[in-house]
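# Close look at the chain arrangement
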Amino acid sequence: MQLTKNVYLIGFMGAGKSTIARRIARLASVASLDMDKYIERSSGQSIPEIFEQGGEAHFRDIEAKTLEELSGKDDHMLISCGGGIIETEACRDILKSPDNVVIHLKIDSDRAAQRIGNAASRPMFKDSEQARALSSRRFPLYEEVADLTIDTANKNVWEISNEAMRFLSEEGVLCQ
Ligand code: S3P
């Protein structure tokens, strides 16, 4: 199958963006890319190292430049974004462009906190209380850019992937 636009998966840490992107890519035989992994490869640093070096602002800067670069490519892909992509206005503007499709994987912060487990690899995650505050502050920003929101509560990877693929097919974004 093929994608007629770039598709971005967004949502809070632990929502399963990378897993769902990989699953859809495999089922539909389309290309997928994990933005954080791409950033780690191209900078030669881990995400925690980037935060240590220049704080969140430094990471957001790299993240925004990466989104700009990827969104300019002609080959369409399924891209899983870091949970904080919507923090930067320039990123929200790119995501909102009619050239892109954005799917918000909604997860409640308590469940996200349970799933995250090892917080060392996620500099923006401190504890459940902080996650709850961060998640409610971000929620309207995810919704501002999303074309579709999938509530992941009580759904498995298969159900979430199918819901996303059905939407993309109906929108003519995923086609034969
Ligand atoms: C972040 C989420 C992380 C990563 C970075 C910042 C955030 O991605 O981009 O640690 O601000 O929520 P995941 O959502 O894949 O954990």
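Please read all numbers here as calculations on a predicted model, not as lab measurements.

Among the five residues of strand E2 (residues 6-10), five are classified as buried, and the element is accordingly described as predominantly covered. Side chains of E2 alternate between two faces, with Asn6, Tyr8 and Ile10 and Val7 and Leu9 buried alike. Pairing between E2 and strand E5 (residues 100-106): five bridges, direction parallel. Note on E5: the bridge partner recorded for Val7 is Val101. Looking at chain direction, E2 and strand E4 (residues 78-80) are connected through three bridges and run parallel. Looking at the pairing, Leu9 lines up with Ser80 of E4.

With that settled, consider the packing of helix H5 (residues 109-116) against helix H6 (residues 128-145). Two measures define how a pair of helices packs: the angle their axes make with one another and the distance between the axes. Direction vectors running N to C along H5 and H6 enclose 130 degrees, while the axes themselves pass 9 Å from each other. As far as their axial angle goes, H6 and H5 are oblique. Here H5 runs over H6; the crossing is right-handed. Where H5 abuts H6, its residues Ser109, Asp110 and Ala113 lie against Ser128, Ala131, Arg132 and Ser135. Here the contact of H5 with H6 is built from residues that sort into two nonpolar, three polar and two charged.

Neighbouring the ligand are 13 residues, the closest being Lys17, Asp36, Arg60, Arg122 and Arg138. Take Asp36: an N or O atom from its side chain is 2.7 Å from an oxygen atom of the ligand. At 2.8 Å, a backbone N or O of Gly83 approaches an oxygen atom of the ligand. Burial of the ligand by the protein amounts to 93% of the accessible area it has alone, namely 380 Å². If you tally residues by element for the shell around the ligand, the top one is helix H3 (residues 47-71), at three residues.

Quick notes on the rules
- Residues numbered from 1 in each chain as written.
- Predicted model: local features only at pLDDT ≥ 70, side-chain atom pairs only at ≥ 80, totals over all residues.
- Heavy atoms only, no water.
- Buried < 20%, exposed > 50% of the residue type's maximum accessible area, 1.4 Å probe, protein only.
- Helix = DSSP H or I, 4+ residues; strand = E, 2+ residues; numbered from the N terminus.
- Pairing = 2+ DSSP bridges.
- Axes fitted to C-alpha atoms, helices over the stretch in contact; angles between N-to-C directions.
- Parallel < 35°, antiparallel > 145°, perpendicular 65-115°, else oblique.
- Left-handed = near helix turned anticlockwise from the far one by under 90°.
- Contact = heavy atoms within 4.5 Å.
- Nonpolar A, V, L, I, M, F, W, Y, C, P; charged D, E, K, R; others polar.
- Near = heavy atom within 4 Å.
- Polar contact = N/O pair within 3.5 Å; in protein donor to acceptor, adjacent residues only side chain to side chain.
- Areas by Shrake-Rupley, 256 points an atom, 1.4 Å probe, with all protein chains shown as cover.

As far as function goes, none of this settles anything; it's purely spatial.
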